[in-house]
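Notes for the structure review
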Amino acid sequence: MRTLSIAMTAVALGLPAHTLAQSAWTIIPSSATQSRIVAATWSDGTNVVARCDSGKLTAFVRLTERMSGPAVYVLTQRENDVPIGGWWVVSDDGSSAVSRNPRYLVRDLKQGGRLDVVLKSRDAPDREMTLALPDQTTELDSVMSSCGLTGTPNPITPDRPAAQWRERPRPTASDFPAAALAANITGQVVVNCLVSESLQPESCIVVDEVPAGAGFGPAAVQIVSRGKLAVVRSSADLGDVPAFTITIRLPIDGQPLPTLTFATRIADGTRGLWPAETP
């Protein structure tokens, strides 16, 4: 078992963080005939929800304190297992962190016992918790069955994902945000994407953007989405759904690029778990 960072030491060594009292899975009534929703609430008000809507599986953690930014890096670990890390999406209202690989999260929830969770966000201290999971998982089984997911995901291994570009995305002059160009401002953006079955980047999210709010994030996602991938191996972080991380630089001659902070901190603190950049 590797030690990842000071913030992750308790999880990496199998030591309890703040342990929350056990809850039970409850079916949430829904007026939608194609929806199956199950939730559990822990002693501090934290909720975990798994739902199937018209064949699409979603799983998320709802916290008592709101988060900022479009993404958080979430580390989860079951006792004696290798920690798993990946970028999750923050809901628009900042209340929930949504897993981009819900099948693996639900798999861990179904095993019961104890699940250590660390959330690393841009502008707030790390949040650590230990969920004492319910032993009864019939309700979770019903969600998975509703989505036709009755099998077990492939085992997670320490292998790194590998994505190679057939056509690497490159910025053009038209990609540069007009307001930033007029102000002579350069930018850097880190983007994390899933990979579609047709080897296209999809579900791309901005995980770090400097400076924020200058239009560089949306521009970077547009740039990456133009790329075409050639070879992808399965990702250790996202299991059946390969992922990759890439840095997009939007420079101006004679102007230094700003320093990325959040993505660099995550990469340094979770080395070996963070999805590698594509070549």
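Quick note: structure is the one above.
These remarks concern the structure in this document. (Residues numbered from 1 in each chain as written. Predicted model: local features only at pLDDT ≥ 70, side-chain atom pairs only at ≥ 80, totals over all residues. Heavy atoms only, no water.)

**Remarks on the overall build of the protein**
- The helix and strand inventory of the protein stands at six helices and 15 strands.
- Counting all 279 residues of the protein, 51% fall into the buried class.
- In the protein, 68% of the contacts between residues at least 6 apart in sequence involve partners at least 24 apart.
- Per element, the accessible surface of the protein, about 12800 Å² overall, is 52% carbon and sulfur. (Helix = DSSP H or I, 4+ residues; strand = E, 2+ residues; numbered from the N terminus. Buried < 20%, exposed > 50% of the residue type's maximum accessible area, 1.4 Å probe, protein only. Contact = heavy atoms within 4.5 Å. Areas by Shrake-Rupley, 256 points an atom, 1.4 Å probe, with all protein chains shown as cover.)

**A word on the side chain of E209**
- Tracing the sequence through the fold places E209 in strand β13 (residues 201-210).
- Those residues in contact with E209 that lie beyond four places of it in its chain are R122, Q188, V189, A214, G215, F216, G217 and P218.

**Notes on the sheet that holds strand β6 (residues 71-78)**
- Across the sheet, which stays open at both edges, the ten strands sit in the order β1-β10-β9-β6-β7-β8-β5-β4-β3-β2 with mixed pairing between neighbours. For this open sheet the edge positions go to β1 (19-20) and β2 (26-28), each flanked by a neighbour on one side alone.
- Bridge count between strand β5 (residues 56-62) and strand β8 (residues 96-98): three bridges; the pairing is antiparallel. Its bridge partner lying in β8, R62 is registered against S96.
- Sheet strands in contact with helix α3 (residues 138-146) are β2, β3 (35-41), β4 (47-53) and β5, and its direction is about 150° off that of β3. (Pairing = 2+ DSSP bridges. Axes fitted to C-alpha atoms, helices over the stretch in contact; angles between N-to-C directions.)

**Focus: helix α6 (residues 262-269)**
- Turning to α6, its buried residues number three or more, namely F262, A263, I266, A267 and G269.
- Along its buried surface, α6 packs onto β6, β7 (84-90), β9 (113-120), β12 (187-195) and β13.

**Things to note about the sheet that holds β13**
- With antiparallel pairing, three strands are arranged side by side in an open sheet as β13-β12-β15. Sheet topology places β13 and β15 (243-250) at the edges, where each strand pairs with a single neighbour. When the angles between neighbouring strand axes are averaged without regard to direction, this sheet yields 25°.
- Those strands touched by helix α5 (residues 216-225) are β12, β13 and β15, and its axis lies near 145° from that of β13.

**Details of α5**
- By the burial criterion, the buried members of α5 are F216, G217, A219, A220, I223 and V224. Along α5, the residues classed as buried sweep out an arc of 160° about the axis, all on the same side. Those residues of α5 that are exposed and angled more than 90 degrees off the buried face are P218 and Q222. (Arc of directions from axis to C-beta.)

**Things to note about the state of the cysteines**
- Scanning the model with the defined rule gives two disulfides in all.
- Sulfur-sulfur distance for the disulfide between C52 and C147 comes to 2.1 Å. Torsion about the S-S bond of the C52 and C147 cystine: about 110°, corresponding to right-handed handedness. Taken together, the residues span a long stretch of sequence, with C52 in strand β4 and C147 in the loop between α3 and β11 (162-167) at a distance of 95 residues.
- Judged by its relative accessible area of 1%, C52 falls in the buried class. (Disulfide = S-S within 2.5 Å.)

**Points about the pattern of salt bridges**
- The final tally for this structure, using the stated rule, is ten salt bridges.
- In this structure, R107 and D108 form a salt bridge, with 2.8 Å as the shortest nitrogen-oxygen distance.
- Residue D108 is classed as buried on the basis of its relative accessible area of 4%.
- Put simply, D268 and R271 hold a salt bridge, and the shortest N to O gap is 2.7 Å.
- Several salt bridges converge on common partners, so that one network encompasses K120, D126 and R265. (Salt bridge = Lys/Arg side-chain N within 4 Å of Asp/Glu carboxyl O.)

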